[in-house]
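# Summary of the model geometry
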Amino acid sequence: MNGGRYAAMERFRGRSDELGLLQRIYDSEGMRTCAVLGRRRIGKSFILEKFCSQRRSVYVEFVDSSESTNVELLDAAMAPLTGGMSGVRSFKEALNVLRDICFAEKTVVVFDEFPYLTQNCKSASSLLQNFIDTCIVQSKSMFVICGSSITVMRDETSKSTRPLYGRFPSRLEVKEMSFDECRDFNPGLADEDALMLYMTLGGIPMYHEMATGSDYPECIKSLFFGPHPLIQDEASAIIGRELNPAARYNAVMDAIGGGATILTDIANRSDIDPSSCLKCLRKLMAIGVVGKVHPMLDAPKGPTYEITDNMIAFEFEVLRKYGTSIRMADPDMVYEELSDVIRSFLGKRFEGICADFMRSHYVCKEIGRWWGKAGVGTGTDIDLVAVVRSRKMTVTVLGECKFRGDASGFEVYNSLKSKADALSRDRTVRLMLFSASGFKDNLVLFAEENGIILVDLDTLISRKPAPEILPI
């Protein structure tokens, strides 16, 4: 155990599934290796530090520097188990010392920021191939590599031409935390403020830990506004870490953030030919920054693209439109000026929260949106469409998602009903209304009598049980 390194473990929250997977690998009789990957600040290192805190371990975090510097870091990480620095001069020599450690007693070895090692020590992967085959497989020890460069981590472990191919059958892709888990970082916030913060920051624990304030506006001002914002150009840093040239991918992201959703519009706005733009979009999708939305129910239009990461979307859809002025002016004044844009942003993100609710509580065969022309040719869209299995029957759920200050009334229901009536009725359909501000009493009574499903904030955040979707 390395007590000094893990002194902050009392701040650890959630991640029981991730820790459980690591424990199963640790206890297994097979190849005890794991590749841990995920975007920057998502908590990979914290998970591994928690796992190592109660086990004999060698934990080294490599840096973007020379092989000799990283060898020194590895030597220092091994020192508590060897009685002091061994003075090794090469990565190969360091692995020989590490081999003795692993054979002497069961040890968890973690190479964090692994891409820095492979970038600065060209023989690292080949040497590790031999280390795994002759030490990890034959000893009782466990070997973990970890990195924020998703592209590098996948290539190193999944491409058949790379030395480490087949050596990491277990992969842990660390995903964003749930709203309930992130809620614990700011217990003093009102429910709606906490939800708005989640829709802005996503499930990245470090962002929520950094947020300070008694309400949503105060948190946003502390994180993004003023001369010294806590989060600054984070989106560009994430993209630049993964993709090159970063300027081209930032141009594509700016186009989507500015409202372009189809390939031709994105290509035109980013001044990139459509073929190259499509390649950029595919790479952005591969690292989980952009998503493709396919229309449901035979909608006549093709797919659209959107930014899927909440915090990155906030930077490209809100902050980058106003440049450095958000850091020069008074934060209160800036927030007031941006309040309408922020509210619009949150309304769009609320649709994602509703979709996540459906995925979490129902067996969804498909989920998406519908847009196009219905009935007599009127352009329209439906916020949420889900094909759900319920009591061995298939039900198509059509949903309207409203995030606003007033309780939703009949105007919301009537809007969704008219859209639903205009579509083909050769399917079992249920209407579902989502409203963060609740519903007016007369609509609640009507919904109970007519089988309309209402989902309010308490239901969304699991304070109330999810309603059953029954075929009618």
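Higher on the page you've got the structure.
My aim in this report is to walk through the structure given alongside it, one point at a time. (Residues numbered from 1 in each chain as written. Predicted model: local features only at pLDDT ≥ 70, side-chain atom pairs only at ≥ 80, totals over all residues. Heavy atoms only, no water.)

## Examining the overall build of the protein
Counting its regular elements, the protein contains 21 helices and twelve strands. Relative to its length of 472 residues, the protein is compact, with a C-alpha radius of gyration of 25 Å against a globular reference of 23 Å. Taking all 472 residues of the protein together, the buried fraction comes to 51%. Across the protein, the fraction of contacts at a sequence separation of at least 24, relative to all contacts at a separation of at least 6, is 64%. (Helix = DSSP H or I, 4+ residues; strand = E, 2+ residues; numbered from the N terminus. Rg over C-alpha atoms; globule rule 2.2 N^0.38 Å. Buried < 20%, exposed > 50% of the residue type's maximum accessible area, 1.4 Å probe, protein only. Contact = heavy atoms within 4.5 Å.)

## Quick look at the packing of aromatic side chains
With the rule as written, the count across this model stands at 15 aromatic pairs. Ring centres of F62 and F111 lie 5.1 Å apart, and the angle between their planes is 90°; on these two criteria the pair is classed as edge-to-face. You can see F62 sitting in the loop between β2 (57–61) and α3 (67–82) and its partner F111 sitting in strand β3 (residues 108–112), a full 49 residues away along the chain. Each member of the aromatic cluster is reached from another via a ring pair, and the members are F62, F91, F111, F131, F143 and F168. When the ring centre of F51 is taken as origin, the NZ or CZ atom of R55, which lies over that ring, is 3.9 Å away. Taking the ring centre of Y26 as reference, the NZ or CZ of K106 above it sits at 3.9 Å. (Phe/Tyr/Trp six-rings, centres within 6.5 Å; stacked < 30°, edge-to-face > 60°. Lys NZ or Arg CZ within 6 Å of the ring centre and 35° of its normal.)

## Topic: the environment of R248
Among the secondary structure elements, R248 is positioned in helix α13 (residues 246–257). Judged by its relative accessible area of 37%, R248 is partly exposed. Separated by 32 residues in sequence, R248 and Y216 have C-alpha atoms that sit 33 Å apart. Among all residues touching R248, those that are not within four sequence positions of it are I272, S276 and C280.

## What about the side chain of S139?
Following the sequence through the fold, S139 ends up in the loop between α6 (124–136) and β4 (142–147). Among the residues examined, S139 registers a relative accessible area of 6% and is labelled buried. Other than its neighbours up to four places away in sequence, S139 contacts R32, C102 and F103.

## Some points on the pattern of salt bridges
Under the counting rule described, the total for this entry stands at 27 salt bridges. Between R463 and D191 there is a salt bridge, with its nearest N and O atoms 2.3 Å apart. Here the residue R463 occupies a position in the segment after α21 (457–460), and D191 occupies one in helix α9 (residues 191–201), the gap between them amounting to 272 residues. Given a relative accessible area of 53%, R463 falls into the exposed group. R369 serves as the salt-bridge partner of E306, at 3.2 Å between the closest nitrogen and oxygen. (Salt bridge = Lys/Arg side-chain N within 4 Å of Asp/Glu carboxyl O.)

## A short note on the nonpolar core
If you look at the biggest cluster of nonpolar residues, it comprises 101 residues, and the most contacted ones within it are F224, F350, M358 and F434. The leading source of residues in this core is helix α18 (residues 331–361), at twelve residues. Beyond its immediate chain neighbours, meaning those up to four positions away, F224 contacts T200, L201, P229, I231, M311, F314, L319 and I326. Membership of the second largest hydrophobic core comes to 34 residues, among which are V58, V97, I101 and F143. (Core = buried A, V, L, I, M, F, W, Y, C linked by side-chain atoms within 4.5 Å.)

## Details of the state of the cysteines
A covalent bond between the sulfur atoms of two cysteines is referred to as a disulfide. The final tally for this structure, using the stated rule, is zero disulfides. Here C182 is not cross-linked by a disulfide; its sulfur's nearest cysteine counterpart is in C219, at 13 Å. C354 supplies the cysteine sulfur nearest to C401, a cysteine that is in no disulfide, at a spacing of 3.6 Å. (Disulfide = S-S within 2.5 Å.)

## Let's talk about the pairing of β3
Within β3, five of the five residues are buried, which leaves it mostly tucked inside the rest of the structure. Burial along β3 is two-sided: V108, V110 and D112 and V109 and F111, pointing in opposite directions, are all buried.

## Structural notes on the pairing of β4
Across the six residues of β4, six count as buried, placing the element largely inside the fold. On β4, burial covers both faces: M142, V144 and C146 on one face and F143, I145 and G147 on the other are all buried. One ladder, built from five bridges, connects strand β1 (residues 33–37) with β4; its direction is parallel. What sits directly across from V36, in β4, is C146. (Pairing = 2+ DSSP bridges.)

## Notes on a positive patch on the surface
Together, K279, R282, K283 and K292 line one region of the surface with positive charge. Per element, the largest residue contribution to the positive patch is three residues, and it comes from helix α15 (residues 274–286). K283 sits in the partly exposed class, given a relative accessible area of 43%. (Patch = residues over 30% accessible without salt bridge, like charges linked within 9 Å, V, L, I, M, F, W, Y side chains within 5 Å. Areas by Shrake-Rupley, 256 points an atom, 1.4 Å probe, with all protein chains shown as cover. Lys, Arg positive; Asp, Glu negative; His and termini not counted. Charge placed at Lys NZ, Arg CZ, Asp CG, Glu CD.)

## Description of α3
End to end, α3 covers 21 Å across 16 residues, agreeing with the expected 22 Å (1.5 Å per residue, within 8%). Roughly 25° is the biggest bend found in α3, and it falls at A76, with proline P80 one to four residues downstream. Every buried residue of α3 is accounted for by N70, V71, L74, D75, A77, M78 and A79. Here the buried face of α3 lies against β2, α4 (91–104), β3 and α5 (114–120). Once α3 finishes, G83 follows within two positions and takes phi at roughly 90°, a positive value. (Expected span 1.5 Å × (residues − 1). Bend = angle between axes of the 7 residues up to and from the residue.)

## Brief notes about the environment of D340
Within the secondary structure layout, D340 lies in helix α18. For the pair formed by D340 and A211, sequence separation is 129 residues and the distance between their alpha carbons is 21 Å.

## Quick look at the sheet that holds β4
Strand order in the open sheet formed by five strands is β2-β3-β4-β1-β5, with parallel pairing between adjacent strands. Taken across any chain shown, the strands that pair with only one partner, and hence form the sheet edges, are β2 and β5 (171–173). Each strand axis lies, on average, 15° off the axis of its neighbour in the sheet, ignoring direction. Examined bridge by bridge, β3 and β4 share four bridges and lie parallel to one another. From the neighbouring strand, V108 faces β4, where its bridge partner is M142. Along the sheet, α3 contacts β2 and β3; its crossing angle with β2, the most-contacted strand, is approximately 160°. (Axes fitted to C-alpha atoms, helices over the stretch in contact; angles between N-to-C directions.)

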